[in-house]
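Secondary and tertiary structure notes
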Amino acid sequence: MQLLDIGANLTHESFHHDLDAVLQRAQAHGVGRMIVTGASSEGSTKALALATAHPGRLFATAGVHPHHAIDYDEATDAQLRMLAQNPAVVAVGETGLDYNRNYSPREVQLRVFERQLQIAAELHKPLFLHQRDAHADFVALLRRWRDRVPGAVVHCFTDTGEALRDYLALDCHIGITGWICDERRGTHLRELVREIPANRLMIETDAPYLLPRTVRPLPSHRRNEPMYLKHICEEIARDRGEHAETTAANSTATAEAFFGLAPLP
């Protein structure tokens, strides 16, 4: 089983002391490649540094999360453009809208999201997207740009069936995390995941966040890490009524095609 984690926040401070061990555990559980999420100017720079240090195993995204949109300026825009031109940076993002917490004003989020849509269009890079409690504005803006970018994945999808169908109608990919394992708030995903075509489904941990609640034994530190992608894959496969090897093969092939990665031998 070869797995590809499309979203891991490996620059997070919780990984500073044992990243090599984290990567080794991931490899032992079939997760040979990971895409390190960039969510700020500084974080995107660090994500690329990790990818450069682990060529062929780690790749990066470059973007500014809506929480940090208030910090986006011309220097940030220039930095993202420079980073995104590196071959190890395989997508623009994490970018989008988050009206749940509004750490940045909504009008600022919309402006910064569109700036990054423009970068993706000009550099012909796919989008790594975030949306929370902002579906209508998100879809409206994405619809205007969708035919100008080569691809878009709605990362860490947790929304409704209506939202899912809107994204699929826009030819978006869908990223599913361990949220599907949360009996308190993720059970609807067990039905919805059946609606995602195999060539639109990708899987991710969003480590160190969203440790799957069905992992046994639960680690005492409660930190999620890429090794648990295998568990997420098995849960998704059960809900889709297919073998885990099938889910793994399809999601990996889909991710390779989306991010422009060569298949492993």
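The structure presented is a predicted model; accordingly, all values stated were derived computationally and were not measured.

Summarising burial for strand 1 (residues 3-8): six of the six residues are buried, a large majority. Inspection of the sheet shows strand 1 paired to strand 2 (residues 31-36) by four bridges, in the parallel sense. If you follow Leu3 over to strand 2, its bridge partner there is Val31. For the crossover from strand 1 across helix 1 (residues 19-28) to strand 2, the handedness is right-handed.

The end-to-end C-alpha distance of helix 2 (residues 41-53), which contains 13 residues, comes to 19 Å, matching closely the 18 Å that a straight helix rising 1.5 Å per residue would cover. Taken residue by residue, helix 2 has Gly43, Ser44, Ala47, Leu48, Leu50 and Ala51 as its buried positions. On an axial view of helix 2, the arc spanned by its buried residues comes to 155°, and they lie on one face. What points out from helix 2, more than 90 degrees from its buried face, is the exposed set Glu42, Thr52 and Ala53. Looking at the buried positions of helix 2, the neighbouring elements they touch are helix 1, strand 2, strand 3 (58-62), helix 3 (74-84) and strand 4 (89-98).

Time to look at the packing of helix 8 (residues 229-240) against helix 9 (residues 244-259). Direction vectors running N to C along helix 8 and helix 9 enclose 110°, while the axes themselves pass 8 Å from each other. Considering the angle they form, helix 8 stands roughly perpendicular to helix 9. Where helix 8 crosses over helix 9, the handedness of that crossing is right-handed. Between helix 8, through Cys233, Glu234, Ile236 and Ala237, and helix 9, the contact on the second element is made entirely by Ala244, Thr247 and Ala248. Class assignment for the residues of the contact of helix 8 with helix 9 results in five nonpolar, one polar and one charged.

With that settled, the discussion passes to the sheet that holds strand 1. As summarised here, the arrangement of the eight strands in space is 1-2-3-4-5-6-7-8, forming an open sheet in which the pairing is parallel. Lying at the two open borders of the sheet, with one neighbouring strand each, are strand 1 and strand 8 (201-203). Across this sheet, the average inter-strand angle for adjacent strands is 30°, counted without regard to direction.

This part is about the pairing of strand 5 (residues 127-132). Across the six residues that make up strand 5, a large majority, five, are buried. Inspection of the sheet shows strand 4 paired to strand 5 by five bridges, in the parallel sense. Within strand 5, the position partnered with Val92 by the bridge is Leu127. Crossover connection from strand 4 via helix 4 (residues 106-123) to parallel strand 5: handedness right-handed.

With respect to the element layout, Glu204 can be found in the loop between strand 8 and helix 8. For Glu204, the side chain forms a polar contact with the main-chain nitrogen of Cys156, separated by 2.7 Å. Among all residues touching Glu204, those that are not within four sequence positions of it are Asp5, Ile6, Gly7, Phe128, His155, Cys156, Gly175, Ile176, Thr177, Gly178, Leu229 and Ile232.

Taken as a whole, helix 1 has its buried residues at Leu19, Val22, Leu23 and Ala26. All buried residues of helix 1 fall inside an arc of 95° around its axis, so they share one side. Projecting away from the buried face of helix 1 at angles above 90 degrees are the exposed residues Asp20, Gln24 and Ala28. Against the buried residues of helix 1 lie strand 2, helix 2 and strand 3. Downstream of helix 1 by one or two residues, Gly30 has phi in the positive range, about 90°.

Rules used throughout
- Residues numbered from 1 in each chain as written.
- Predicted model: local features only at pLDDT ≥ 70, side-chain atom pairs only at ≥ 80, totals over all residues.
- Heavy atoms only, no water.
- Buried < 20%, exposed > 50% of the residue type's maximum accessible area, 1.4 Å probe, protein only.
- Helix = DSSP H or I, 4+ residues; strand = E, 2+ residues; numbered from the N terminus.
- Pairing = 2+ DSSP bridges.
- Right-handed = clockwise from strand over helix to strand, strands pointing away.
- Expected span 1.5 Å × (residues − 1).
- Arc of directions from axis to C-beta.
- Contact = heavy atoms within 4.5 Å.
- Axes fitted to C-alpha atoms, helices over the stretch in contact; angles between N-to-C directions.
- Parallel < 35°, antiparallel > 145°, perpendicular 65-115°, else oblique.
- Left-handed = near helix turned anticlockwise from the far one by under 90°.
- Nonpolar A, V, L, I, M, F, W, Y, C, P; charged D, E, K, R; others polar.
- Polar contact = N/O pair within 3.5 Å; in protein donor to acceptor, adjacent residues only side chain to side chain.

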